[in-house]
Amino acid sequence: MRRCVGEGFEEFSTREFVDQTRALSLGSAIRHRAGGPRRPRLREPPEWSIADLAILTAGAVNVPVYPTLSATQSQFILHDAGVKVVVVSDDVQLAKIVGLALNCRP
């Protein structure tokens with residue numbers, strides 16, 4: 001597997017891919033703190049492949065939330081699916097999700 005980096009590529013070995021997938025699937029954010037089976041995904045390849053497989057390995061369900069969606073659209077999907085854990089691709093998506101979380105507090 002490869003990821004674009006600048007003008008070239010960074011390669012992932014099968015071992016690195018499996019190790020990262022296993023580590024994420026066993027992570028506390030997915031297995032212990034989730035409180036439910038659904039997990040959204042906001043990320044880019046190859047991390048999305050690792051996260052997808054990790055989520056499935058943990059017995060959870062992916063809930064796609066595309067980075068181009070507005071905060072209102074994302075909030076509807078997250079609420080409707082009963083999402084407890086969010087995986088994001090970058091600081092922009094993190095800010096969007098944090099903003100939604102802060103708006104939901106009483």
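Residues numbered from 1 in each chain as written. Predicted model: local features only at pLDDT ≥ 70, side-chain atom pairs only at ≥ 80, totals over all residues. Heavy atoms only, no water.

*Asks:* How should a nonpolar patch on the surface be read in this particular structure?
*Replies:* Where nonpolar side chains cluster on the molecular surface, the patch consists of Leu94, Val98 and Leu102 and spans about 250 Å² of accessible area. On the secondary structure map, Leu94 appears in helix α5 (residues 91-104). Since its relative accessible area comes to 40%, Leu94 is described here as partly exposed. (Patch = residues over 30% accessible without salt bridge, like charges linked within 9 Å, V, L, I, M, F, W, Y side chains within 5 Å. Areas by Shrake-Rupley, 256 points an atom, 1.4 Å probe, with all protein chains shown as cover. Salt bridge = Lys/Arg side-chain N within 4 Å of Asp/Glu carboxyl O. Helix = DSSP H or I, 4+ residues; strand = E, 2+ residues; numbered from the N terminus. Buried < 20%, exposed > 50% of the residue type's maximum accessible area, 1.4 Å probe, protein only.)

*Asks:* In this structure, what is going on with the side chain of Lys96? I would like to understand it.
*Replies:* Residue position: Lys96 is located in helix α5. For the buried residue Lys96, which engages in no salt bridge, the nearest side chain bearing the opposite charge is Asp90, 8.2 Å off. Side-chain polar atoms of Lys96 contact the backbone oxygen of Leu69, separated by 2.6 Å. (Lys, Arg positive; Asp, Glu negative; His and termini not counted. Polar contact = N/O pair within 3.5 Å; in protein donor to acceptor, adjacent residues only side chain to side chain.)

*Asks:* What am I meant to see in the confidence of the model for the protein here?
*Replies:* Reading predicted coordinates in detail is not appropriate for stretches of low pLDDT. In the predicted model, the protein carries a mean pLDDT of 76, and 78% of its residues have values of at least 70. In this model residues 32-37 is a low-confidence stretch, pLDDT under 50, and it forms ten contacts with partners more than four residues away in sequence or in other chains. (pLDDT = per-residue confidence, 0-100. Contact = heavy atoms within 4.5 Å.)

*Asks:* Any chance you could explain the nonpolar core here in plain terms?
*Replies:* For soluble globular proteins, nonpolar side chains are generally found buried alongside one another. Listed in full, the eight residues of the largest apolar core are Val63, Val65, Leu69, Leu78, Ala81, Val83, Ile97 and Leu100. Where this core is concerned, the elements lending two or more residues are α4 (71-81) and α5. (Core = buried A, V, L, I, M, F, W, Y, C linked by side-chain atoms within 4.5 Å.)

*Asks:* Help me understand the environment of Asp19, please; the structure alone is not making it clear to me.
*Replies:* Summarising the element assignment, Asp19 is placed in helix α1 (residues 14-25). Taking the relative accessible area as the measure of exposure, Asp19 reaches 38% and is therefore partly exposed. A sequence separation of 31 residues divides Asp19 from Ile50, and the C-alpha atoms of the two residues are 9.4 Å apart.

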